[in-house]
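Structural overview for review
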Amino acid sequence: MLVLALHNGEDLCGGVVLNHSSGMVGLFNLFAVDSSDVAIAWSSAITAAANHFPGLPLVGYAHGDDLAHALASGFTALGPLRVWLHGS
């Protein structure tokens, strides 16, 4: 797992968590400090994933504005997220 920060000089602009497992890379908890930097944060996260884990598919989950940003960055929506709980 990588926790990455995006900087512009000394200023923190955003960040993301990349998790490598099962032949893919999960992109989670992406954020931009300023809403005008969201596209830059997505682009930087995708580039970081490709550099750290070349050739692996990049996956994630999002909804609302986050989904709109993911789609604008080239992701494809596969359907709603289903969460399963097994009581034991």
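Please refer to the structure higher up on the page.
Here's a quick rundown of the structure. (Residues numbered from 1 in each chain as written. Predicted model: local features only at pLDDT ≥ 70, side-chain atom pairs only at ≥ 80, totals over all residues. Heavy atoms only, no water.)

All right, on to the overall build of the chain then. Helix and strand counts for the chain stand at 2 helices and 4 strands. The order of α-helices and β-strands along the chain, N terminus first, is β-β-β-α-β-α. Structurally, the chain occupies a C-alpha span of about 50 × 30 × 30 Å along its principal axes. Buried residues in the chain amount to 23% of all 88 residues. Taking all contacts inside the chain whose residues are at least 6 apart in sequence as the whole, residues at least 24 apart take part in 40%. When the accessible surface of the chain is split by element, carbon and sulfur atoms take 57% of a total near 6,400 Å². (Helix = DSSP H or I, 4+ residues; strand = E, 2+ residues; numbered from the N terminus. Buried < 20%, exposed > 50% of the residue type's maximum accessible area, 1.4 Å probe, protein only. Contact = heavy atoms within 4.5 Å. Areas by Shrake-Rupley, 256 points an atom, 1.4 Å probe, with all protein chains shown as cover.)

Glancing now at helix H1 (residues 38-52). Count 3.6 residues to each turn of an α-helix, and residues three or four apart come out pointing the same way. Here H1 spans 21 Å end to end across 15 residues, near enough to the 21 Å set by a 1.5 Å rise per residue. Taken residue by residue, H1 has Val38, Ala41, Trp42, Ala45, Ala48 and Ala49 as its buried positions. One side of H1 holds all its buried residues, which, seen down the axis, span an arc of 130°. Counted as exposed and oriented over 90 degrees from the buried face of H1: Ala39 and Asn51. On its buried face, H1 is in contact with strand E1 (2-8), strand E2 (11-21), strand E3 (24-32), strand E4 (58-59) and helix H2 (64-72). (Expected span 1.5 Å × (residues − 1). Arc of directions from axis to C-beta.)

A few words on the nonpolar core. Grouped together as the largest cluster of nonpolar side chains are 15 residues, with contacts concentrated most on Val16, Leu18, Val25, Leu27, Leu30, Trp42 and Ala45. Elements with a minimum of two residues in this core: E2, E3 and H1. For this core, the element with the most residues is H1, which contributes 6 residues. Ala45 has contacts with Val16, Leu18, Leu27 and Leu30, leaving out every residue within four places of it along the chain. (Core = buried A, V, L, I, M, F, W, Y, C linked by side-chain atoms within 4.5 Å.)

This brings us to the sheet that holds E3. Read across the sheet, 4 strands follow the order E1-E2-E3-E4 without closing on themselves; strand pairing throughout is mixed. Here the strands that pair on one side only, and so sit at the sheet edges, are E1 and E4. Each of E1, E2, E3 and E4 touches H1; the most contacted strand, E3, lies at about 150° to it. (Pairing = 2+ DSSP bridges. Axes fitted to C-alpha atoms, helices over the stretch in contact; angles between N-to-C directions.)

Attention shifts here to the packing of aromatic side chains. In this description, a pair of aromatic rings is defined by centroid distance and the angle of the planes. Going through the model one piece at a time under the given rule, you end up with 2 aromatic pairs. With centroids separated by 5.4 Å and ring planes inclined at 50°, the aromatic side chains of Phe28 and Tyr61 adopt a geometry described as tilted. Taken together, the residues span a long stretch of sequence, with Phe28 in strand E3 and Tyr61 in the loop between E4 and H2 at a distance of 33 residues. Here Phe28 falls in the partly exposed class, since its relative accessible area comes to 24%. Here Tyr61 falls in the exposed class, since its relative accessible area comes to 54%. (Phe/Tyr/Trp six-rings, centres within 6.5 Å; stacked < 30°, edge-to-face > 60°.)

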